[in-house]
Amino acid sequence: MGKIVSQDELIQLTAREKRNGRLVVFTNGCFDLLHPGHVRCLAQARSLGDLLVVAVNSDRSVHGNKGPERPLVPQNDRAEVLAALSSVDYVTIFDEPTPRDLIARLLPSVLVKGADWGPNDVVGREEVEAAGGRVVSIPLAPGYSTTSLLQKIRKAVSDADREIADRHT
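Every value quoted in this text rests on a predicted model; they were computed, and no experiment measured them.

Novice: Is there a simple way to think about the overall build of the chain in this case?
Specialist: Looking only at helices and strands, one finds 7 helices and 5 strands in the chain. Shown N-terminal to C-terminal, the secondary structure of the chain runs as helices and strands in the order α-β-α-β-α-α-β-α-β-α-β-α. Along the three orthogonal principal directions, the C-alpha set of the chain runs to about 70 × 30 × 30 Å. Scored against the burial criterion, the 169 residues of the chain give a buried share of 41%. Intrachain contacts of the chain at a sequence separation of at least 6 include 75% that bridge at least 24 residues. Counting every atom, the chain has about 9,200 Å² of accessible surface; 53% of that belongs to carbon and sulfur. For the chain, the centre of its 21 positive side-chain charges and the centre of its 22 negative side-chain charges are spaced 4 Å apart.

Novice: I keep staring at the pairing of strand 1 (residues 24–29) and nothing clicks. Help me out?
Specialist: Of all 6 residues making up strand 1, 6 are buried, and the element is well covered by its neighbours. Across the two faces of strand 1 the burial is the same, with Val24, Phe26 and Asn28 and Val25, Thr27 and Gly29 all buried. Taken together, the 6 bridges between strand 1 and strand 2 (residues 51–57) define a ladder with parallel strand orientation. In the strand pairing of strand 2, Val25 is matched with Leu52. Handedness of the β-α-β unit built from strand 1, helix 2 (residues 36–46) and strand 2 comes out right-handed. As judged from the 2 bridges shared by strand 1 and strand 4 (residues 110–114), these two strands associate in the parallel manner. Residue pairing across strands places Phe26 opposite Leu111, the latter belonging to strand 4.

Novice: Mind showing me how you'd approach the sheet that holds strand 2 here?
Specialist: Remark on secondary structure: sheet strands pair via backbone hydrogen bonds, oriented parallel or antiparallel. In spatial order, the strands read 3-2-1-4-5; together these 5 strands make up an open sheet with parallel pairing. The two strands at the open ends of the sheet, each matched to only one other strand, are strand 3 (90–94) and strand 5 (134–138). Within this sheet the neighbouring strands show an average axis-to-axis angle of 25°, counted without direction. Seen against the sheet, helix 4 (residues 75–83) touches strand 2 and strand 3 and runs at an angle of roughly 160° to strand 3.

Novice: I tried to follow unusual backbone geometry on my own but got confused; where do I start?
Specialist: Leaving glycine out, the prevailing phi sign among residues is negative, and the prevailing peptide bond configuration is trans. Following Arg70, the chain continues to Pro71 via a peptide bond in cis, the omega torsion being 5°. The residue Phe31 is not glycine, and still its phi comes out positive at about 50°. Of the residues examined, Phe31 reaches a relative accessible area of 10% and is grouped as buried. Even without being glycine, Leu107 reaches a positive phi, approximately 45°. Relative to the elements of secondary structure, Leu107 occurs in the loop between helix 5 (100–106) and strand 4. By relative accessible area, Leu107 is classed as partly exposed at 31%.

Definitions and limits used
- Residues numbered from 1 in each chain as written.
- Predicted model: local features only at pLDDT ≥ 70, side-chain atom pairs only at ≥ 80, totals over all residues.
- Heavy atoms only, no water.
- Helix = DSSP H or I, 4+ residues; strand = E, 2+ residues; numbered from the N terminus.
- Buried < 20%, exposed > 50% of the residue type's maximum accessible area, 1.4 Å probe, protein only.
- Contact = heavy atoms within 4.5 Å.
- Areas by Shrake-Rupley, 256 points an atom, 1.4 Å probe, with all protein chains shown as cover.
- Lys, Arg positive; Asp, Glu negative; His and termini not counted.
- Charge placed at Lys NZ, Arg CZ, Asp CG, Glu CD.
- Pairing = 2+ DSSP bridges.
- Right-handed = clockwise from strand over helix to strand, strands pointing away.
- Axes fitted to C-alpha atoms, helices over the stretch in contact; angles between N-to-C directions.

Here you go:
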């Protein structure tokens, strides 16, 4: 078994780890275009416990949350890239709009989200805190976001298209 596991496998693996006294840290996201902001956030999340679990939105979930043009990268490829990071211990994919059900089943010791999420907006907060866990907000690395990367790419393509059109007129 590798780092990319089904939700049921993940529940079994983390239950064993918790029985052995290890702290399980959980975070989730789309991770459509992995950038240094993601990598830094994941490394910081990993430092809060003994193993880091990352739940990745499925293609259908990203499409529903982000719109018809997303994701750019298929779910299995996004999971593979995340699994290659040394800070990540396990990756699983979830198909729902939010990972609330998975969090409720897993009950991690630490639930991590980026600081762009308000305290009352963190899905799974109630379940984790009711089980004695804690929620940690990690500051975002300035200057990094998938949305801003996409805007830069679209602008570059638009500028190039305009330049080509100008040459042909």
